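Residues per chain, in single letters:
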Amino acid sequence: MKRIFFLAAVLCLALTITACGGGSGDGDGGSIGSAIENDPRNQTPAIPNPTDPGAQPGPEAPAVGVLGELIDLKDLLQSREILNPPRGEQWYYSRAKAINDNGVIVGQSNFGTIPRAAAMWEKETGAEGLETFPSQFLFIHGGGIQCEQDSFPRVIRYSEAISVNNQNEIIGNSTTGDGWPQEEPREKKAFYYFDGQTVDLHQVVSAYFSQFSDLVVCATEAVDINGQGEILFTVVADRFEGEEWREEVQFGLVLSGSLEAPEFLFPSQVFGAKAKAVALNETGHVFVNSGDTVVFTDLNWGVGEVLNHLPGARQTFGVAINDSRFLNHDSFADPHIIGNSGNGLNPNDINVAEDDVQGFFWDGGAMYPVGHLGGGSSVVADLNNNDQVVDSATLEDGSVHAFLWTLVDKKGVIADLGTLGGRNSHALAINEAGEVVGYSQTGEFYEEQGVRLPIWRAFVWKDGVMYDLGSHDDFYDHAFMPPFPFSEAVAINEHGEIAGNSLTINVHSRGFFLAPEYPAVEESAAP
């Protein structure tokens, strides 16, 4: 592939726009954890309206768990011969993040003194045909992270694996934390794992910048890896003039070529603003969030462009990029970007029911509003190469439903995917076949000792039907039931295999895998 390589002390391309702040980040419309903890309807939830077509399943709604049994993702404690808890103690934290087309899952697990450690799971089949997913520890950096403005080093406490490509190459990060892993701020150091070998990507990036006397790298975050093994980072560095510290800079970086002889490419960003790298595709296109907007770069031609905002909005954050099946004139796949545009947004915690926000689809300089389902707002989370977009939008009655947005004759059409019987649902991912996964309220409630919470369950939507995947708790003999009433489906591969998590009322997670077996479709009788 033809590439124009950028060589500069800091950044070769820098775009200047007016009326920009310094914020950066990205958001996907929320998580099931925040839904359980923060939904104002959790303590005194509204009773679903039976006349609302999205409020309860129709008479032909599939039974819970009809697609098969959820297979448990074992925690790392079970993989340690010196500490293999007996049955009844095999309940420790495991959480799926991503799955590739080989069925390899990555995420986090409890590893004893490391309560959240980077982990991977691969299927094993026993002598009797029983399938299991034992866990494997990947990596964690030692020591800490200290930028010039820090009065003391921040200790690295956790690690996480965030993505795996179809060559089984894995990227992840070791993270600091002042409290529990979910708490911010968390500085990071990146790593790469493949076939039993780990590469400290933080050292690779730091060694490259050591040739520039004015930059000292203090933190790196791996955020994406494509099928060619190209890796996208966010880099935090201190800039000096001589011996005097001037400022902390933050920018995107792409590692191309081999790890033995890496080549680095610099995506564009807003001049004077920090940048948060978000995503790259398979054909040399990448974007960052910078200066409260999105900056796209075509690395093949060395061209950058600012996306700006939807009308009336002052903030825009990109979420994902595809390799559209539609080709441009340069023979490269046409890159399309989705994201969210609005006002007063926290990009890491966008609430579609409360925020002034609308999802968008971007192609060739033009931004297209995704629209909504009658309630005025929407957010987007994922898209496939057929330009199908998913997440959730508000209805006129204030409820939130998962949607599927599709281009039809160059016009966007948004379709309500409904719910599993409750008021609200969210879609998180879609594959090339148009199969959608996420989580939805069921219309039922967890009610114990004055605690009343709407049940959220993982779903897969296929051919117009939303299936309730249930939740799992077969890994532990609990003293009370139901211990894991909630679940979410977070990723789906091109074979339709699903990775997700079951959760307790206190958002303790246990990962699962499912290879759905769909019921046979009955052919209608001829008239």
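Residues numbered from 1 in each chain as written. Predicted model: local features only at pLDDT ≥ 70, side-chain atom pairs only at ≥ 80, totals over all residues. Heavy atoms only, no water.

Some thoughts on the environment of D363
Structurally, D363 is set in strand β25 (residues 356–363). Here the alpha-carbon distance between D363 and P335, two residues 28 residues apart in the chain, equals 7.0 Å. Aside from chain neighbours lying at most four places away, what touches D363 is D334, P335 and H336. Among the polar contacts listed, one links the side chain of D363 to the side chain of H336, at a separation of 3.1 Å. (Helix = DSSP H or I, 4+ residues; strand = E, 2+ residues; numbered from the N terminus. Contact = heavy atoms within 4.5 Å. Polar contact = N/O pair within 3.5 Å; in protein donor to acceptor, adjacent residues only side chain to side chain.)

Things to note about the pattern of salt bridges
Charged atoms that come close allow side chains of opposite charge to pair. Summed over the entire model, instances satisfying the criterion amount to 17 salt bridges. Residues E488 and R95 are paired through a salt bridge, measuring 2.6 Å at the closest nitrogen-oxygen approach. On the criterion of sequence distance, the pair formed by E488 in strand β35 (residues 486–492) and R95 in strand β2 (residues 94–99) is long-range, its members being 393 residues apart. Given a relative accessible area of 2%, E488 falls into the buried group. A relative accessible area of 22% places R95 in the partly exposed class. Taking the shortest distance from any N to any O, the salt bridge between D468 and R457 comes out at 3.0 Å. Taken together, the residues D468 in strand β34 (residues 465–470) and R457 in strand β33 (residues 451–462) connect sequence positions 11 residues apart. (Salt bridge = Lys/Arg side-chain N within 4 Å of Asp/Glu carboxyl O. Buried < 20%, exposed > 50% of the residue type's maximum accessible area, 1.4 Å probe, protein only.)

Digging into the sheet that holds strand β3 (residues 105–111)
The 4 strands are arranged β2-β3-β4-β7 in an open sheet whose pairing can be described as antiparallel. Strands at the two margins of the open sheet, each flanked by one partner only, are β2 and β7 (135–137). Averaged over all neighbouring strand pairs, the angle between strand axes comes to 35°, with direction disregarded. Pairing between strand β4 (residues 114–121) and β7: 3 bridges, direction antiparallel. Paired with A119 across the two strands is F137, which belongs to β7. (Pairing = 2+ DSSP bridges. Axes fitted to C-alpha atoms, helices over the stretch in contact; angles between N-to-C directions.)

Describing the confidence of the model for the protein
With 83% of its residues at a pLDDT of at least 70, the protein reaches an overall mean of 85. This stretch, residues 40–59, has a pLDDT under 50; its non-local contacts, to residues over four places away or in other chains, come to 35 contacts. (pLDDT = per-residue confidence, 0-100.)

Side note on the packing of aromatic side chains
To describe a pair of aromatic rings, one takes the distance between the centres and the angle between the planes. Taken as a whole, this structure holds 14 aromatic pairs when the rule is applied. Ring geometry for Y208 versus F209: centroids 5.0 Å apart, planes at 85°, classification edge-to-face. Among the residues examined, Y208 registers a relative accessible area of 14% and is labelled buried. Relative accessible area serves as the criterion here: at 1%, F209 is assigned to the buried category. Among the aromatic residues, ring-to-ring pairing joins Y208, F209, F251, F264 and F266 into one connected group. One residue, R452, lies across the ring of F445, its end atom 4.0 Å from the ring centre. Sitting over the face of the ring of Y518, K462 holds its NZ or CZ atom 5.2 Å from the ring centroid. (Phe/Tyr/Trp six-rings, centres within 6.5 Å; stacked < 30°, edge-to-face > 60°. Lys NZ or Arg CZ within 6 Å of the ring centre and 35° of its normal.)

Observations concerning the nonpolar core
Core analysis: the biggest nonpolar cluster contains 27 residues, and I32, L73, I105, F133, W456, F486 and F513 have the highest contact counts within it. Elements represented by at least two residues in this core include exactly α1 (32–38), β2, β3, β4, β32 (436–448), β33, β35 and β36 (498–503). Here this core takes 4 residues from β4, the largest share from any one element. Of all hydrophobic cores here, the second largest spans 24 residues; its members include I225, I231, F233 and F251. (Core = buried A, V, L, I, M, F, W, Y, C linked by side-chain atoms within 4.5 Å.)

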